[in-house]
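Below are the chains, spelled out letter by letter.
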Protein chains: 2
Amino acid sequence: MTIDSLSHFFNPQGVLIIGASSNPIKLGYRLARNLTQSGYQGAVYFVNPKGGLLFGQPIYSTVAEVPDPVDLAVVLIPAPFVADAIRACGVRGIRAAMIGSGGFREVGTEGAALEDEVYRVAQQYGIHLIGPNSIGLLDTHLPIDTTFLPPPGPTPGDVAFISHSGAICAAVIDWARGQGYGLSRLVSLGNQVDLSETDILAPIAADPHTRVLALYLEGVKDGRHFVKLARQIVLDKPIIALKVGRFAAGQRAVASHTGALAGIESAYNAAFRRAGVLRAETSEGLFDCARALAWCPLPQGCRVAVLTNAGGPGVTAADALESLGLTLAEFDGETRAALSEVLPPAASLNNPVDMLASASPEQFSDSLRIVLDDPNVDSVMIIYPTPPMFTAGAVAKAVIPVVHNTTKPVVVTVMGERLIQEAVEHLRAARIPEYRFPERAAAALAALVARTEALAFAGAEPVEMDDVRPDVVRSILAASGHSQSSDGFLSFDDAHAVLGAYGIPSLKMQLAHNADQAAAYAQGIGFPVVLKIASPDIPHKSDVGGILLNLGDQAAVRTGFSDVTQRVRSAHAEAAIQGVYVQRMVPAGQEVIVGAVQDPQFDGLVMFGSGGTEVEGLKDVAFALAPLTQIEAEAMLESTWAGRKLKGFRNLPPADRGAVLDTLIRLAQLAADFSSTSSTGVPQIKEVEINPLRVLPIGGGVIAVDVRIRIG
Amino acid sequence: MTIDSLSHFFNPQGVLIIGASSNPIKLGYRLARNLTQSGYQGAVYFVNPKGGLLFGQPIYSTVAEVPDPVDLAVVLIPAPFVADAIRACGVRGIRAAMIGSGGFREVGTEGAALEDEVYRVAQQYGIHLIGPNSIGLLDTHLPIDTTFLPPPGPTPGDVAFISHSGAICAAVIDWARGQGYGLSRLVSLGNQVDLSETDILAPIAADPHTRVLALYLEGVKDGRHFVKLARQIVLDKPIIALKVGRFAAGQRAVASHTGALAGIESAYNAAFRRAGVLRAETSEGLFDCARALAWCPLPQGCRVAVLTNAGGPGVTAADALESLGLTLAEFDGETRAALSEVLPPAASLNNPVDMLASASPEQFSDSLRIVLDDPNVDSVMIIYPTPPMFTAGAVAKAVIPVVHNTTKPVVVTVMGERLIQEAVEHLRAARIPEYRFPERAAAALAALVARTEALAFAGAEPVEMDDVRPDVVRSILAASGHSQSSDGFLSFDDAHAVLGAYGIPSLKMQLAHNADQAAAYAQGIGFPVVLKIASPDIPHKSDVGGILLNLGDQAAVRTGFSDVTQRVRSAHAEAAIQGVYVQRMVPAGQEVIVGAVQDPQFDGLVMFGSGGTEVEGLKDVAFALAPLTQIEAEAMLESTWAGRKLKGFRNLPPADRGAVLDTLIRLAQLAADFSSTSSTGVPQIKEVEINPLRVLPIGGGVIAVDVRIRIG
């Protein structure tokens, strides 16, 4: 899919409306009206078997009659007739069609059959389709409007909106128009029989008028492709998405903590993070943040100065900033001295700066200049209700030149409604994001910080360990038919061999079939030892008393052998017991869980967090896409308590954090090398879970104490 | 403080403006103009030494000259003259004054001195004050407007707004006017030299036009009084507060996990929960939720039906609802059957109900009636962008009678801006809350559910155990001078005796001064035993190796004694070591932390959560005010993983949950009985921490394994 092959949608020489109507209550009339009145400079043609005149133009009876130039068809006729219309377009040489008609897949199986037929015909003629069931697309700069919604459309702007929901497009167009929120382009994707959200990204990003891509997504059609493409685009232009369907049912068939916790949402979050796509929390947040991303330079860090003419709004802003992970900048002495020269003695010179209700427009601009000069300030939020003795507009006019003269982002909260209209208009014209309440301005600043981080994430390349042995794993997987259990688990030895092939140290152990053998093995390994039941049917061994620790001599090992086997037998009479593993007791250390699972959309997903038996209760875990970049591995540690405490906490000595990062990267590489798309000829590695991974003090490395690998 | 004594503020017979000015650029002019034009029916008088005429009325030179009736003075003159003006009011017999002037405590020490003088004079004459530095107050129903802000004020409504920030009042008045958001009363509290937020609650709640009290709070002046009063009021009318200053510095001097985690925010959250005061997350959320609380009946539960004409908005709504803890109702078969009769075949009859873009106003109202009739539905969100073939207003008109005819709450999301104005006006006039985006409507429904819960919390009475022995604790505390350590910790024996007096079982132990004594005690107690260093200077014993577990014979106890003392000595050379405690090893069980700390504003604050050494890292804790109600104790367990797993989890058997609740209630009673306000004559109990509290299987009870009590 190249941008070129899609240019007919966004820059057509001529547009043909199939289903144009001269009856004003019909959508076909409204569509023709919008296109005609949109200011579109290319040719506009109408087709309707009834013929006639519309807006002074002839209505052609057939597509064949329509003269050149025409390279985009907009189809708005009943579903059963659409395939024929697309065929006529194909014959006529048109290679792009937007289908507005509904009555397809969204209404059931009959509609789905019609949709399949439309797609078949389009494929036959090499026609690209947007829709069906699309509300249309518009470009405010070209301009062009192929929607049938009540005019006028939104004002020209810098944010493109791409949506899986036509209804939300309709609402956004009306809302944007009312709010004075400019858009560059809008695309309603409809049923995506051909072009999907991912196909549309590149052509929209190539639009010079679009500075930010704002997406309403109900999912993505091809996760791997989306991540790959989005990663490239975000290096140039920000993408921010409202991904809905968070709570959609989507339980996987899983057998591990990792699998149970790796919901669809975890996968999307990990994918967006890898791709550098920002995630909006709410509909309003999507547009609030998109505007800041379009208009503001990026901050170097998260230290914000708040400049206000009143205490209350300052405190509200500080709360909102801190709750989003931003911090209030600490001014240096020079800044306070400079502020004291322009502000009255009662003003608060600490952050938030309260300039008092008497603050004049000059005091606003002088103070803004001063805090922007402070090297400890990365961004500024100005926040004010209309000052009692000045107008909000005068303040706006005073600060605009200062904002235009800095490389740091400045957002403005102008509180109120009627008294601030002039200020709002000045700020918008100057491309300075303005909000009514400090919480929303804070979210916009947080999006700018997130964008800085997203660039680092999207720009990083996965770490590739060159001492891994996929060939060894491949032969283990190829031979696994006879050694895996019925539900796909690799045998203990195979699982350890797989880890070994990827350089992840695991605990050596020997399988004893009776108590004497266990005692003999223990003598060889050296005391103290651990006994662990060997059964592919027991997923969580400690749950059923299948693990015994710290056995100091041969007698204890003998007794332990029969205790363990008896306990497991009484708990799981049906379980096949292969014997008992004898294992050296490893030195004390912190314990974490690391795991990997294959996501149907995004392939390997790696998990890190607090392990043990309560993983699913504590939910102190983080996910990332495989293979891992160094920055992502670090972020997984920083976002969990299990990871933060590796640096040491109270009586816990600092642990070998580096070895944990190394293990995560190796595990991710394993998951990526044997995913559904990469593991050709051998079974894929569906789940890996190391629980616990014992982390020894610095320099001591890590040891996988227990591991389970499911293949399939 | 009675409502009666404050009636002059809210229903004065006559109002006097001291500082009225005939110069239109002065605030004293604007104030006079607002009051004159507000429609106020009582007498209005002006005072200014310059005299003259204003709005056809004479300006009196002195307060003394002003005729009857006058019972409220509004003062807007420079700060240094205010005390004299208040004195003149006192002499004239005026007992209520609102001081709009600034230049007092907010500008520094000189201002504070002026403010103290004003208060002294007011006290002398029995005058109640609002302010100084207040923007004024207004009542849209009486009506009266004593602000100096640009007219017109807000439209009459059902929500009263009480604010610590005058700037936010000014912004809210302008915003409310622009948004068509009605208010009943508004009070700017200013510096609160006399009347505070708490004093104002009852008179506002007594206003028949006020259905909901919305507060902007930067703190409360007297926490105990606020909780007591608010608890009474919320049983009648909802209070919702935006409490800011969440991240204000406020580290306590603490020596326990409980103290470290019990920040000011935990205290406010606990206090609001006890009082049944709802907490808004954002400024917009405050007003969004207040309107729903004013207009909607309360739901019986959290099961929401979503009714929409499009898929996308339905999914967005479902996400927002679930993320707030609400659930999508599962319809019964009858509901689906009835819906299938009024909707086309392609409509989705599951929740969210997608009636399709073609949905008519009648289909909206019929479907609404059907889902309201389902016993599994507690509330409904209607959500629609303007339907292509109908107007948004027609839909609004169709659903209004259905909403008026149900006892279940219904909120409406009308998406868009210009095309929906008629719908918005109809809905507002019908007192049906409407929002532009589903996330905000979802938050409003969540507030209704929270209100139902808040009523239960506010209505519950604390549990009082009658087998507790405060007399015993009192004598321990009275005698504690010689037994407590320098930093206020009770001796081990005293601490255990305090728990015993309140019926909390703790682990018996004996203090051994040498290894032989320890071995002998252990023999008497029975093996296995635990050794634990006895030192008031070591807050967290396991951090320094001060605890040894599972010692099986006398020899192990002897070695253990010297190991433990040596380790502690090398870690804390300066620590006073009294010896080593010998303790029976208790049966296995789950372990939790319970603690209590005194809050300067709200007295006893009880904590429950995941214990051990990582309490502060995991932060799996909940707080509540002491003494505890049964419902609060239950909520503490339900809101933490430590509490939820008491019901059993995987290999963890169900634990004695009832004994934990009992312990929490007893601990809270202890904290309440010996708080700063209740412990007269003896030191207060500043901190109690039981970590761990071992919870045995059901019927086994609990045992405080380690406890520390700090007094002072």
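This one's a predicted model, so the numbers in the text were calculated from it and none came from an experiment.

Asker: Now, about the overall build of chain A: what can you tell me, with residues and values included?
Answerer: From N to C terminus, chain A includes 24 helices and 30 strands. Seen through its C-alpha atoms, chain A measures out along the principal axes to roughly 100 × 80 × 40 Å. Counting over 712 residues, chain A shows a buried share of 60%. Intrachain contacts of chain A at a sequence separation of at least 6 include 72% that bridge at least 24 residues.

Asker: Requested: an account of the relation of the copies chain A and chain B, with residues and values cited.
Answerer: Mapping between the two copies of the chain is achieved by a rotation about an axis and a shift along the axis. Least-squares fitting of chain A to chain B yields an RMSD of 0.1 Å, with the transformation described by 0.0 Å of translation along the axis and a rotation of 180°. Here the symmetry operator amounts to a two-fold rotation axis. When each C-alpha of chain A is compared by its distance to the rotation axis, Leu-618 of chain A comes out closest, at 4.4 Å.

Asker: Quick rundown of the packing of aromatic side chains? Include the residues and the values.
Answerer: If you walk through the whole model with that rule in mind, you get 28 aromatic pairs over all chains. Taking 5.5 Å as the distance between ring centres and 40° as the angle between the ring planes, the aromatic pair formed by Trp-175 of chain A and Tyr-181 of chain A counts as tilted. We classify Tyr-181 of chain A as buried; its relative accessible area is 3%. Grouped by ring-pair contacts, the aromatic residues Phe-161, Trp-175, Tyr-181 and Phe-287 of chain A together with Phe-437 of chain B constitute a single cluster. Residue placement shows Lys-243 of chain A over the ring face of Tyr-268 of chain A; its charged tip is 4.5 Å from the ring centre.

Asker: Give me the lowdown on helix α19 (residues 515-525) of chain A, citing residues and values where you can.
Answerer: Residue and element names in this part refer to chain A. For α19, every residue scored as buried is listed here: Ala-518, Ala-519 and Ala-522. Within α19, the buried residues cover an arc of 100° as seen down the axis, which keeps them to one side. Opposite the buried face of α19, at more than 90 degrees from it, the exposed residues are Asp-516 and Gly-524. As for α19, its buried residues are in contact with β21 (509-512), β22 (529-534), α20 (554-571) and β24 (579-584). Just past α19, the residue Gly-526 takes up positive phi, approximately 100°.

Asker: Summarise the sheet that holds β24 of chain A; cite the residues concerned and give the values.
Answerer: Residues and elements named next belong to chain A. Sheet architecture is open: 4 strands sit in the order β21-β24-β22-β23, paired in antiparallel fashion. Among the strands making up the open sheet, the edge pair consists of β21 and β23 (547-551). Neighbour-to-neighbour, the strand axes of this sheet turn through a mean angle of 25°, independent of strand direction. Inspection of the sheet shows β22 paired to β24 by 6 bridges, in the antiparallel sense.

Asker: Before we move on, could you go through the interface of chain A and chain B and cite the residues and values that matter?
Answerer: Every contact between the two is made by 63 residues of chain A and, on the other side, 62 residues of chain B. With both chains or domains summed, chain A and chain B bury close to 5500 Å², and 61% of this area falls on carbon and sulfur atoms. Looking only at chain A, the three residues that lose the most surface to chain B are Phe-247, Phe-437 and Arg-650 of chain A, adding up to 12% of its buried area. Inspection of the chain A/chain B interface yields 6 salt bridges. One can count 24 residue pairs in polar contact (both at pLDDT 80 or more) joining chain A with chain B. Where the side of chain A that touches chain B is concerned, the elements lending two or more residues are α2 (27-37), α5 (166-179), β13 (239-243), α10 (283-295), α11 (311-323), α16 (438-459) and α21 (615-618) of chain A. In the side of chain A that touches chain B, the residues fall into 27 nonpolar, 17 polar and 19 charged.

Asker: Give a description of the pattern of salt bridges that names residues and reports values.
Answerer: In this structure the tally under the stated criterion is 72 salt bridges over all chains. A salt bridge links Arg-185 of chain A to Asp-139 of chain A; the shortest N-O distance between them is 2.8 Å. Placement of Arg-185 of chain A in strand β11 (residues 185-188) and of Asp-139 of chain A in strand β8 (residues 137-139) is noted, with a sequence separation of 46 residues between them. For the pair shown, Arg-185 of chain A and Asp-139 of chain A are each scored as buried. It is possible to trace a salt-bridge network through shared partners that takes in Glu-284, Asp-288 and Arg-440 of chain A together with Glu-284, Asp-288 and Arg-440 of chain B.

Asker: Please provide a residue-by-residue account of the sheet that holds strand β5 (residues 72-75) of chain B, values included.
Answerer: Residue and element names in this part refer to chain B. The 7 strands lie next to each other as β3-β4-β2-β1-β5-β6-β7, forming an open sheet whose pairing is mixed. Whereas interior strands pair on both sides, the edge strands pair on one side only; in this sheet they are β3 (53-54) and β7 (128-130). Direction of pairing for strand β6 (residues 96-99) relative to β7: parallel, over a ladder of 3 bridges. Paired with Met-98 across the bridge in β7 is Ile-130. Across the sheet, helix α3 (residues 82-92) lies against β1 (14-18), β5, β6 and β7, angled at about 165° from β5, the strand it touches most.

Asker: I'd like a rundown of the nonpolar core, residues and numbers included.
Answerer: The biggest cluster of nonpolar side chains holds 236 residues, and the ones touching the most others in it are Phe-161, Leu-201, Phe-226 and Ile-240 of chain A together with Phe-161, Leu-201 and Ile-240 of chain B. Other than its neighbours up to four places away in sequence, Ile-240 of chain B contacts Val-212, Leu-213, Ala-214, Leu-215, Leu-278, Ala-280, Leu-286, Cys-289, Ala-290 and Leu-293 of chain B. By size, the runner-up hydrophobic cluster in this structure holds 49 residues, among which are Val-473, Ile-476, Ala-622 and Leu-628 of chain A.

Asker: Break down the confidence of the model for chain A for me, citing the residues and quoting the values.
Answerer: The predicted model of chain A has a mean per-residue pLDDT of 93, with 97% of residues at 70 or higher. Here the complex is predicted with pTM 0.92, and the ipTM for its interfaces comes to 0.91.

Asker: Pulling in residues and values, what's your account of unusual backbone geometry?
Answerer: Here the residue pair Asp-68 of chain A and Pro-69 of chain A is connected by a cis peptide bond, since its omega of -10° sits within 30 degrees of zero. Relative to the elements of secondary structure, Pro-69 of chain A occurs in the loop between β4 (57-60) and β5 (72-75). A cis amide bond links Ala-626 of chain B to the next residue, Pro-627 of chain B, at an omega of -5°. Locating Pro-627 of chain B in the fold gives a position in the loop between β27 (621-625) and α22 (630-638). Unusually for a residue other than glycine, Leu-356 of chain B sits at a positive phi of about 80°. Examined against the element boundaries, Leu-356 of chain B turns out to sit in the loop between β17 (353-354) and α13 (361-373). Here Asp-603 of chain B, not a glycine, exhibits a phi torsion of approximately 65°, which is positive. Examined against the element boundaries, Asp-603 of chain B turns out to sit in strand β26 (residues 603-610).

Asker: Please provide a residue-by-residue account of the packing of helix α11 (residues 311-323) of chain B against helix α16 (residues 438-459) of chain B, values included.
Answerer: Residue and element names in this part refer to chain B. Running from amino to carboxyl end, α11 crosses α16 at an angle of 40°, the nearest separation of the two axes being 8 Å. Between α11 and α16, the angle falls in the class oblique. By crossing handedness, the relation of α11 to α16 is classed as right-handed. Across the interface between the two elements, Pro-313, Thr-316, Ala-317, Ala-320 and Leu-321 from α11 touch Pro-438, Glu-439, Ala-442 and Leu-445 from α16. Taken together, the residues of the contact of α11 with α16 break down into 7 nonpolar, 1 polar and 1 charged.

Asker: I'd like a rundown of the side chain of Glu-197 of chain B, residues and numbers included.
Answerer: All names here are of chain B. Topologically, Glu-197 is positioned in helix α6 (residues 197-205). No salt bridge is formed by the buried Glu-197. Its closest oppositely charged neighbour is Lys-221, at 7.2 Å. A distance of 2.9 Å separates a polar atom in the side chain of Glu-197 from a polar atom in the side chain of Thr-198. Each residue touching Glu-197, except ones within four places of it in the same chain, is listed here: His-164, Leu-189, Gln-192, Leu-217, Gly-219, Val-220, Lys-221 and Phe-226.

Asker: Quick rundown of the environment of Arg-336 of chain A? Include the residues and the values.
Answerer: Residues and elements named next belong to chain A. Residue placement: Arg-336 occurs in helix α12 (residues 333-342). Separated by 330 residues in sequence, Arg-336 and Arg-666 place their C-alpha atoms 50 Å apart. Setting aside residues no more than four positions away along its own chain, Arg-336 makes contact with Phe-331, Leu-349 and Asn-350.

Asker: Kindly report on the pairing of strand β22 (residues 529-534) of chain B, identifying the contributing residues and their values.
Answerer: Counting buried positions along β22 of chain B yields 6 of 6 residues, so the element is predominantly enclosed. Alternating positions in β22 of chain B separate into two faces, Val-529, Leu-531 and Ile-533 of chain B on one and Val-530, Lys-532 and Ala-534 of chain B on the other, with burial throughout.

The rules we used
Residues numbered from 1 in each chain as written. Chains lettered and ligands numbered in written order. Predicted model: local features only at pLDDT ≥ 70, side-chain atom pairs only at ≥ 80, totals over all residues. Heavy atoms only, no water. Helix = DSSP H or I, 4+ residues; strand = E, 2+ residues; numbered from the N terminus. Buried < 20%, exposed > 50% of the residue type's maximum accessible area, 1.4 Å probe, protein only. Contact = heavy atoms within 4.5 Å. Least-squares fit on C-alpha atoms with pLDDT ≥ 70 in both. Phe/Tyr/Trp six-rings, centres within 6.5 Å; stacked < 30°, edge-to-face > 60°. Lys NZ or Arg CZ within 6 Å of the ring centre and 35° of its normal. Arc of directions from axis to C-beta. Pairing = 2+ DSSP bridges. Axes fitted to C-alpha atoms, helices over the stretch in contact; angles between N-to-C directions. Buried area = accessible area lost by both parts, 1.4 Å probe. Salt bridge = Lys/Arg side-chain N within 4 Å of Asp/Glu carboxyl O. Polar contact = N/O pair within 3.5 Å; in protein donor to acceptor, adjacent residues only side chain to side chain. Nonpolar A, V, L, I, M, F, W, Y, C, P; charged D, E, K, R; others polar. Core = buried A, V, L, I, M, F, W, Y, C linked by side-chain atoms within 4.5 Å. pLDDT = per-residue confidence, 0-100. Parallel < 35°, antiparallel > 145°, perpendicular 65-115°, else oblique. Left-handed = near helix turned anticlockwise from the far one by under 90°. Lys, Arg positive; Asp, Glu negative; His and termini not counted.

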